[in-house]
Amino acid sequence: RVRNTCAASLYARLLQNPMTVKEEGVVSASLAGATIAEFNDFIQHAGLGKNKSPLADNPGKVEDLAVAFYRLNEDPHQSPNLQIEEGDDYSFLMDLLDDKRVLADPDLSLALLRVMKVLSRKLNNRNNLELEDIQTVAKYLRNTESSSVTGEAASILLNACYEKQNVTMAIKANAVVDLSWLLASDSDDVAANATGALQSLSYQEEGRTHIRELDILEHIFPLLAHTSVKVRIRAVGVIHNMSSDVPSISVIRTGGAIKELVSLLSDPNVVICSSAAGAIQNLSREQASKDMIVEVGGVPPLSDLLFGTDVQTQVCAAGALLNIVGPGLESDTVTGVQQPCHVAQRKALSRLVMLSLVTGVVFDGIYGDDDGEDEA
């Protein structure tokens, strides 16, 4: 492949563009990397060349422009494109991704998918996605030559499925089945992105039902003990979401996930710990799961979490304990008669929970940090 412009020089030239800011503090579209206008302009004009196709006339330039744009926007927290609220015209990009020549070229596929990943972080772009776009991205989940390509495709779906309508389209595109095959990938990034996409899907009721009906949960359970923290965070996030689906509770219980969830209550990562507590709170609505939580020693770590510093985790732990321990404090388990001691025990538990939550709220208000969305 002949390249007449290298990505490095393009990146350097783009960085030379001055940053301009409007009076209201909104970043201008003239900021380097803020839009894909230069990319689109080249695609349009290259189509007027000898072969009437940018992929035939100068595929190297297409890749170089994509790489340069991605380098400027790789970090979501410093992405010029994400600072511009207006949606982007990514129709030319999707036409390229739908081209067989791109599908057959892993390097070009990766570069273009990364551009789409950046664009999928923006709400307006996610809302403008169509079924054909989701179907195009899903094709890359089946790439057998490059794990990087499949990982980027999964990350696009992770972002896209924040929106309910895109969950519906991902299901229609059979993307959920393709994602499930990536869960056992040797690449931590691929496994994390695939699990993250399923986490986004499982946030919606339609996604939860589809995941349950495809029996994907059993492939998530082993990931709760994965060596990668990111994979564990997203795996327990999927279980947390799925635990709100009543028919899935017995699947989680019989799949042996409760013991692993209890062990995650002591995980040093607060996100993992909080999701595990949330899942256990939901599972404790079922008597059989409640009994198993007690059997595997879930009450002590839940009690410990009442005195933690993360309010959301405290709330989930308190809810779980009230589900598990609370009913037994209402009356004698044999006679069913409520004695004064039962009333006192119930009040004591309620006061303990309230005190721990108030302490957590105060601590969080002083020292807490706000975490952003899990974007790819």
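As shown above, the structure is provided for reference.
Residues numbered from 1 in each chain as written. Predicted model: local features only at pLDDT ≥ 70, side-chain atom pairs only at ≥ 80, totals over all residues. Heavy atoms only, no water.

A. The arrangement of the overall build of the protein chain in detail. Across its full length, the protein chain holds 23 helices and 0 strands. Scored against the burial criterion, the 376 residues of the protein chain give a buried share of 49%. Long-range pairs, those at least 24 residues apart, make up 70% of the contacts in the protein chain with a sequence separation of at least 6. When the accessible surface of the protein chain is split by element, carbon and sulfur atoms take 51% of a total near 18100 Å². (Helix = DSSP H or I, 4+ residues; strand = E, 2+ residues; numbered from the N terminus. Buried < 20%, exposed > 50% of the residue type's maximum accessible area, 1.4 Å probe, protein only. Contact = heavy atoms within 4.5 Å. Areas by Shrake-Rupley, 256 points an atom, 1.4 Å probe, with all protein chains shown as cover.)

B. Focus on the packing of helix H13 (residues 188–202) against helix H16 (residues 229–242). Remark: H13 packs on H16, axes separated minimally by 8 Å, with the N-to-C direction vectors making an angle of 20°. The angle between H13 and H16 places the two elements in the roughly parallel class. Where H13 crosses over H16, the handedness of that crossing is left-handed. Contacts between H13 and H16 involve Asp188, Ala191, Ala192, Asn193, Thr195, Gly196, Leu198, Gln199 and Ser202 on the former and, on the latter, Lys230, Val231, Arg234, Ala235, Gly237, Val238, Asn241 and Met242. Of the residues assigned to the contact of H13 with H16, the class counts are 7 nonpolar, 7 polar and 3 charged. (Axes fitted to C-alpha atoms, helices over the stretch in contact; angles between N-to-C directions. Parallel < 35°, antiparallel > 145°, perpendicular 65-115°, else oblique. Left-handed = near helix turned anticlockwise from the far one by under 90°. Nonpolar A, V, L, I, M, F, W, Y, C, P; charged D, E, K, R; others polar.)

C. Focus on the side chain of Ser275. Inspection of the secondary structure assignment puts Ser275 in helix H19 (residues 270–283). Judged by relative accessible area, which is 11%, Ser275 ranks as buried. Every residue in contact with Ser275, bar those within four places of it in the chain, is listed here: Val236, Gly237 and His240.

D. Local environment of unusual backbone geometry. A positive phi angle, near 60°, is found at Asn174, a position not held by glycine. Considering the arrangement of structural elements, one finds Asn174 in the loop between helix H11 (164–172) and helix H12 (175–181). At Asp215, a position not held by glycine, the phi torsion is positive, near 55°. Secondary-structure assignment places Asp215 in the loop between helix H14 (205–213) and helix H15 (217–220).

E. Quick peek at the nonpolar core. Core analysis: the largest hydrophobic core is formed by 96 residues, its most contacted members being Phe39, Leu112, Leu198 and Leu261. Broken down by element, the residue count for this core peaks at 9 residues, all from helix H7 (residues 106–119). Discounting residues that sit within four places of it in the chain, Leu198 has contacts with Val176, Leu179, Leu183, Ile211, Ile216, Ile220 and Val238. (Core = buried A, V, L, I, M, F, W, Y, C linked by side-chain atoms within 4.5 Å.)

F. Geometry of a nonpolar patch on the surface. A cluster of nonpolar side chains, namely Val177, Trp181 and Leu214, defines an oily patch on the protein surface of about 320 Å² accessible area. Position of Val177 relative to the elements: it lies in helix H12. Judged by relative accessible area, Val177 falls into the partly exposed class, the value being 33%. (Patch = residues over 30% accessible without salt bridge, like charges linked within 9 Å, V, L, I, M, F, W, Y side chains within 5 Å. Salt bridge = Lys/Arg side-chain N within 4 Å of Asp/Glu carboxyl O.)

G. Focus on the state of the cysteines. For the coordinates displayed, the defined rule picks out 0 disulfides. Cys273 provides the cysteine sulfur closest to Cys316, a residue in no disulfide bond, and the two sulfurs are 9.7 Å apart. (Disulfide = S-S within 2.5 Å.)

H. Layout of the pattern of salt bridges. If you walk through the whole model with that rule in mind, you get 10 salt bridges. Between Lys139 and Asp98 there is a salt bridge whose closest N-O contact spans 2.6 Å. With Lys139 in helix H9 (residues 131–139) and Asp98 in the loop between helix H5 (91–97) and helix H6 (100–103), this residue pair connects regions lying 41 residues apart in the sequence. Taking the relative accessible area as the measure of exposure, Lys139 reaches 33% and is therefore partly exposed. The partner of Asp245 in a salt bridge is Arg212, and the shortest N-O contact between them spans 2.5 Å. One end of the pair, Asp245, is in the loop between H16 and helix H17 (246–254); the other, Arg212, is in helix H14, and 33 residues separate them in sequence. Since its relative accessible area comes to 9%, Asp245 is described here as buried. By relative accessible area, which is 23% here, Arg212 ends up partly exposed. Overlapping salt bridges bring together Arg114, Lys117 and Glu152 as one network.

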